[in-house]
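Residue-level structural notes
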Amino acid sequence: MQNALLVADDLTGAVDTGHGFAARGRGVRVRLRGEHGAETAPTDRDVLAVDTDSRAASPSVAAEAVTRAIGAYPAARVYKKVDSTLRGNVVAEVDAAVAATDADLAVVAPAFPATGRTTEGGRHFVDDTPLSEAGYGVAESDLRTVFARSRYLVESLDLATVERGPDSVREALASVTESGEPVLAVCDATTEAHLAAIATGAEALAGDGDAAATDISVLFVGSGGLAKHVAVPGDPTPATVRPVTRPGTLAVVGSTNERTLVQLASVPDDLVVALDPAAAVRNPEETGQRGAVRLGRLLDRRGRAVVTAATGGADVETAERVAAETDTNASDRVETALSVAASGAVAASQPGSLLLTGGAVARAVLTRLEAPELALTGEAVADGVPESVVATGPARGTKIVTKAGGFGEERTILNCLDAL
C-alpha cells in the first residue's frame, strides 16, 4: 500500500506534481499505467504517481482510467492532479476520483503561483491574464462555472477566507460539508502561503494531528502548486536510483505550445534536428529512423542534440493539412516519428540524460525505451521542470528532465541542456 497516490492525466503533470512531494524528502516513483505490465505489478511506495494518459480521451474513458488507477493502488492519501490551465477531462476525472475514494470533500486548488497560475474571485489566471484569453484553448476562466457540470455540490472559498489562515480554511470547509453530501470546494489562491493554508486547513479537517478534527474524508485536487504543501502520512522511504555517468544529452521537443516554440528558437540551429512534419505524418517510422541517424551523429560530435518536428506555426499547419489529406492523426504520427528518432539515437549513442518536452511525446519516448517507471530525485532545473531517473528497464539510470509545454521562460530548454 502506498502512503500517497497521485493520479495525473499526463506524464509531465505526474512528474512536476510528484516533485512537490519529492522536494520535501518523500520517495516518489512515477508509473506509466498499463505499460509493460505496470498496471498490475504490485507496489509498496511512499508516494506513487500514476499517469493515466487520459487528457485527450473521452470523458467516460478518462473517468474509468481514474477509477481503475485508484482501485489498483490503494493509498492512505489520494491527490488528483489537474492541469494548471484546466485542459483535459477535469470535471469527469475529479468526479470519478471522489466516487472512487468515497470522499466527503474534494479541496480543489489548481493554482500554481510559481508558474504564473493563480485563482482570485473564483476566476483562474495565467500571468494575470484570464485563462479563457491566455491561449490554452480553454473557454472558461471561472472555476465555479467549470465545475457546475459536476454531479456534486460545488462551494467556494474566497481569498479573504484563505488569507486568514489554516483555521479559517478549516472552519469554512467544515461548514460546506454540513449537508452530509460530497462537496467540491474550489479555492482562491494567488501565493504559496495561500496554498499552504488550504492544505493545512484541509488536513486538520481530515484528522491530521488535530484533536478537534471531524475525520472528514478529504480528496486533494490541484496542480503542482498545491502538492508542495500537502502532507503525506507515514514515514518516508527512499525511491532514488543511481544515475549513470555517461555524457551526452538528447532533447525531444514534442510540444507546439507558443512558449515552447519561443524556447526552441533560443537553441542554436546547429544543435537542432528538425524532422519534416509532412514526412512525419505520412511515414513516421521511416522519418524517425532517418532522424535517428542525424541525431546520433550530432550527439557523437557535439555531446548534445535537439529533435523536433515543429519549429514554428507553419510546421504545425503542414502536419495537420497532411493528416487531413491522409485521414490520419497528426499528433499520433508526429509522436511516433519523434519517439523512433529518440530511441534510435539512444541505442546508437547512449546519452546519459534526456530532456522531454510535452507530456504525450515524453510518454511515447519512454514507452519506446521500455521505461515504465521513473524515480524522482527531488531536484529541479526550474519551477515545473523536475529531474528524475529511469527506475526500471534497459534504460535504467538514464537521467530525465521533463517540461510541460506551457512552462518556462525563453531560455528554459537551453538552460536544461546546460544543466544536464
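This is a predicted model, so every value here is computed, not measured.

1. Brief notes about the overall build of the protein
When its secondary structure is counted, the protein shows 15 helices and 18 strands. Computed over C-alpha atoms, the radius of gyration of the protein comes to 21 Å, within 12% of the 22 Å expected from 2.2 N^0.38 for 420 residues, which places it in the range of a compact globule. Counting only C-alpha atoms and orienting by the principal axes, one finds that the protein spans roughly 65 × 40 × 35 Å. Within the protein, contacts between residues at least 6 apart in sequence are counted, and of these 75% link residues at least 24 apart. On the protein, roughly 16100 Å² of surface is accessible, and the fraction owed to carbon and sulfur atoms is 46%.

2. Examining the pairing of strand β3 (residues 47-51)
Working note: regular strand, side chains alternate between the two faces of the sheet. Across the five residues that make up β3, a large majority, five, are buried. Neither face of β3 is exposed, since Val47, Ala49 and Asp51 on one face and Leu48 and Val50 on the opposite face are all buried. When strand β1 (residues 2-8) meets β3, the two strands line up parallel, connected through five bridges. The residue bridging Ala8 from the neighbouring strand is Asp51, located in β3. As defined by bridge partners, strand β2 (residues 28-32) adjoins β3 across five bridges and the pair is classed as parallel. Bridging from a neighbouring strand, Arg29 pairs with Leu48 of β3.

3. Considering the packing of helix α6 (residues 166-176) against helix α7 (residues 192-206)
A pair of packed helices is characterised by two quantities: the angle between their axes and the separation of those axes. Running from N to C, α6 and α7 cross one another at 55 degrees; their axes reach a closest spacing of 7 Å. With respect to α7, the axis of α6 lies oblique. Taken as a pair, α6 and α7 cross one another with a handedness that is right-handed. In this structure, α6 contributes Pro166, Val169, Arg170, Leu173 and Ala174 to the contact, and α7 contributes Ala197, Ile198, Thr200, Gly201, Ala202, Ala204 and Leu205. Taken together, the residues of the contact of α6 with α7 break down into nine nonpolar, two polar and one charged.

4. Quick word on the environment of Thr392
Looking at the element boundaries, Thr392 is found in the loop between β17 (385-390) and β18 (399-403). As a C-alpha pair, Thr392 and Ala375 span 17 residues in sequence and 9.2 Å in three-dimensional space. In contact with Thr392, other than residues within four places in its own chain, are Glu370, Ala371, Pro372 and Glu373.

5. Thoughts on the nonpolar core
In terms of nonpolar packing, the biggest core is built from 78 residues, with Leu105 and Leu250 touching the most fellow members. Tallying contributions element by element places helix α13 (residues 330-349) first for this core, with eight residues. Excluding residues within four positions of it along the chain, Leu105 makes contact with Leu173, Val176, Thr177, Val183, Ala185, Leu205, Ile216, Ser217, Val218 and Leu219. One finds Leu86, Ala96, Leu131 and Val138 within the second-largest nonpolar core, a separate group that totals 33 residues.

6. What to know about unusual backbone geometry
Residues other than glycine seldom take positive phi values, yet Asp53 does so here, at roughly 55 degrees. Position of Asp53 among the secondary structure elements: in the loop between β3 and α2 (59-72). On the basis of relative accessibility, which here comes to 44%, the residue Asp53 falls in the partly exposed class. Positive phi, normally seen in glycine, also occurs at Asp128, with a value near 70 degrees. Mapping Asp128 onto the fold places it in the loop between β7 (123-126) and β8 (129-130). Assessed through its relative accessible area of 69%, Asp128 is described here as exposed.

7. As for the sheet that holds strand β6 (residues 117-120)
Spatially, β6-β7-β8 is the arrangement adopted by the three strands of the open sheet, whose pairing is antiparallel. Each edge of the open sheet carries a strand with a single partner, namely β6 and β8. In this structure, β7 lies alongside β8, joined through two bridges in antiparallel fashion. Looking at β8, one finds that Phe125 is bridged to Pro130.

8. Comments concerning helix α14 (residues 359-368)
Since the α-helix turns once every 3.6 residues, residues separated by three or four places project in the same direction. Most of α14 sits out of view: seven of its 10 residues are buried. Backbone geometry just after α14 places Glu370 at a positive phi near 55 degrees.

9. Re the packing of aromatic side chains
Aromatic rings in a pair are described by how distant their centres are and how their planes are angled relative to each other. Following the criterion strictly, the structure yields two aromatic pairs and no others. A centroid spacing of 5.9 Å and a plane angle of 90 degrees characterise the contact between Phe21 and Tyr79, whose relative ring orientation is edge-to-face. Linking Phe21 in helix α1 (residues 11-22) with Tyr79 in strand β4 (residues 75-81), this pair joins segments that are 58 residues apart in sequence. We classify Phe21 as buried; its relative accessible area is 2%. For the pair Phe112 and Phe407, a centre-to-centre distance of 5.8 Å together with 85 degrees between the ring planes defines the contact as edge-to-face. In this pair, Phe112 sits in the loop between β5 (105-109) and β6 while Phe407 sits in the loop between β18 and α15 (412-419), placing the two residues 295 residues apart along the sequence. The pair formed by Phe112 and Phe407 is uniform in burial state, with each residue classed as buried.

10. Some words on the environment of Arg68
Within the secondary structure, Arg68 sits in helix α2. Between the C-alpha atoms of Arg68 and Ala323, which are 255 residues apart in sequence, the distance is 33 Å.

11. So, the confidence of the model for the protein
In this model, the protein carries an average pLDDT of 92, and 96% of its residues clear a pLDDT of 70 or more. Low pLDDT (under 50) marks residues 34-40, which in the prediction has 16 contacts with non-local residues, meaning those over four places away or in another chain. Overall, residues 209-213 carries pLDDT values under 50, and its contacts beyond four positions in sequence, including any with other chains, amount to six contacts.

Parameters at a glance
- Residues numbered from 1 in each chain as written.
- Predicted model: local features only at pLDDT ≥ 70, side-chain atom pairs only at ≥ 80, totals over all residues.
- Heavy atoms only, no water.
- Helix = DSSP H or I, 4+ residues; strand = E, 2+ residues; numbered from the N terminus.
- Rg over C-alpha atoms; globule rule 2.2 N^0.38 Å.
- Contact = heavy atoms within 4.5 Å.
- Areas by Shrake-Rupley, 256 points an atom, 1.4 Å probe, with all protein chains shown as cover.
- Buried < 20%, exposed > 50% of the residue type's maximum accessible area, 1.4 Å probe, protein only.
- Pairing = 2+ DSSP bridges.
- Axes fitted to C-alpha atoms, helices over the stretch in contact; angles between N-to-C directions.
- Parallel < 35°, antiparallel > 145°, perpendicular 65-115°, else oblique.
- Left-handed = near helix turned anticlockwise from the far one by under 90°.
- Nonpolar A, V, L, I, M, F, W, Y, C, P; charged D, E, K, R; others polar.
- Core = buried A, V, L, I, M, F, W, Y, C linked by side-chain atoms within 4.5 Å.
- Phe/Tyr/Trp six-rings, centres within 6.5 Å; stacked < 30°, edge-to-face > 60°.
- pLDDT = per-residue confidence, 0-100.

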